[in-house]
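# Notes for the structure review
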Amino acid sequence: MNKNRCNWAGSEEIYIKYHDEEWGIPTHDDKELFEMLVLESFQAGLSWITILKKRENFKKAFDDFDVAKVANFNDDKVNELLQNDGIIRHKGKITSAINNAQIFIEIQEEFGSFDDYIWGFTDGKIIKAEFLTESELSKHISKDLKKRGMKFVGPTIIYSYLESIGIIDNHQESCFKY
């Protein structure tokens, strides 16, 4: 039986699986929140399917998205990652992932968890269907993250991040997940 899905889910199995099992489902696990932040940051300027196809390689390269390990990556690790053709080899994105891991930990220390921080912007509420590429919420969070020193967290990246972790639910009305 064919299910109606959001138009962007297309017909590729990896996209369909992501749409059906992850996208827009509220996430409260800090490890998953960090993983999606890294992946969304690497996606800047690229298609999401490119990132999904390299996701397992990212997982290995970034020590299963262990934020404490990533925060301690050094120049040797950066150089190793720049040679890894299984990921996006962009020095700025690699170094920002390390920098962002350090700030992610600072946010965890300040708020008790990154989950409390990020979901605090909506008081734990889900924003229903806006169908935008950025919003006042994503601009506000982007500005706060940048003020804290994070990189590759512009309003469009953060909007996409909020969709991926379920804060913004943008499933189309015709979608079975709506």
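Residues numbered from 1 in each chain as written. Predicted model: local features only at pLDDT ≥ 70, side-chain atom pairs only at ≥ 80, totals over all residues. Heavy atoms only, no water.

### Some words on the overall build of the protein chain
This is how it is decided: Secondary structure elements are defined from DSSP: runs of H or I of at least 4 residues count as helices, runs of E of at least 2 residues count as strands, and each element is numbered from the N terminus. Radius of gyration here uses only the C-alpha atoms, and the compact-globule reference equals 2.2 Å multiplied by the residue count raised to the power 0.38. To sort residues, take the accessible area from a 1.4 Å probe on protein chains only and compare it with the maximum for the residue type: under 20% means buried, over 50% means exposed, and anything in between is partly exposed. We call two residues in contact when some of their heavy atoms are within 4.5 Å.
Along its length, the protein chain carries 9 helices and 2 strands. Counted from the first residue to the last, the protein chain has its helices and strands arranged as α-α-α-α-α-α-α-β-α-α-β. Rg of the C-alpha trace for the protein chain: 16 Å, near the compact-globule value of 16 Å for 178 residues, within the 12% margin. Projected onto the principal axes, the alpha-carbon positions of the protein chain cover approximately 50 × 35 × 25 Å. Taking all 178 residues of the protein chain together, 47% fall into the buried category. Sequence-distant contacts in the protein chain: of pairs separated by 6 or more residues, those separated by 24 or more amount to 66%.

### Side note on the packing of aromatic side chains
Filter applied, for reference: A pair of aromatic rings is counted whenever rings of Phe, Tyr or Trp (Trp by its six-membered ring) have centres within 6.5 Å, and the orientation is called stacked for planes under 30 degrees apart, edge-to-face for over 60 and tilted otherwise. In this scheme, Lys NZ or Arg CZ marks a charge over a ring once it lies within 6 Å of the ring centre and within 35 degrees of the ring normal.
By the definition in use, this model includes 14 aromatic pairs. Ring centres of Y117 and F121 lie 5.0 Å apart, and the angle between their planes is 85°; this geometry places the pair in the edge-to-face category. The exposure class of Y117 is buried, given its relative accessible area of 3%. We classify F121 as partly exposed; its relative accessible area is 23%. Through pairs of rings, three or more aromatic residues link up here, namely F34, F104, F111, F114, Y117 and F121. For K3, the ring lying beneath its charged end belongs to F176, and the centroid distance is 4.5 Å. Here the basic side chain of K77 rests over the ring of F73, its NZ or CZ set 5.0 Å away from the ring centre.

### What to know about helix 1 (residues 13-21)
When helix 1 is considered as a whole, its buried residues turn out to be Y15, Y18, H19 and D20. Those residues of helix 1 hidden inside the fold are in contact with helix 2 (30-43), helix 3 (48-61) and helix 9 (155-164).

### Brief notes about the side chain of E163
Quick note on the threshold: The sign given to each residue is positive for Lys and Arg and negative for Asp and Glu; His and the chain ends receive no count. The term salt bridge refers to a side-chain nitrogen of Lys or Arg lying within 4 Å of a carboxyl oxygen of Asp or Glu.
Position of E163 among the secondary structure elements: in helix 9. Buried within the structure, E163 lacks any salt-bridge partner; K128 is the closest side chain of opposite charge, at an N-O distance of 12 Å. With near-sequence residues (within four places) excluded, E163 lies in contact with W23, G24, I168 and N170.

### Some points on the pattern of salt bridges
Considering all chains together, one arrives at 14 salt bridges under this definition. Taking the shortest distance from any N to any O, the salt bridge between R55 and E35 comes out at 2.9 Å. Here the residue R55 occupies a position in helix 3, and E35 occupies one in helix 2, the gap between them amounting to 20 residues. Accessibility expressed as a relative area gives 14% for E35, which makes it buried. One continuous salt-bridge network, built from bridges that share partners, spans E110, D144, K147 and R148.

### Thoughts on unusual backbone geometry
Glycine aside, residues mostly have negative phi angles, and peptide bonds mostly take the trans form. Phi at D64 takes a positive value of approximately 55°, unusual for a residue other than glycine. At F152, a position not held by glycine, the phi torsion is positive, near 55°. For F152, the position within the fold is in the loop between helix 8 (136-148) and helix 9. A residue is classified by how much of its surface remains accessible, and F152, at 29% relative accessible area, is partly exposed.

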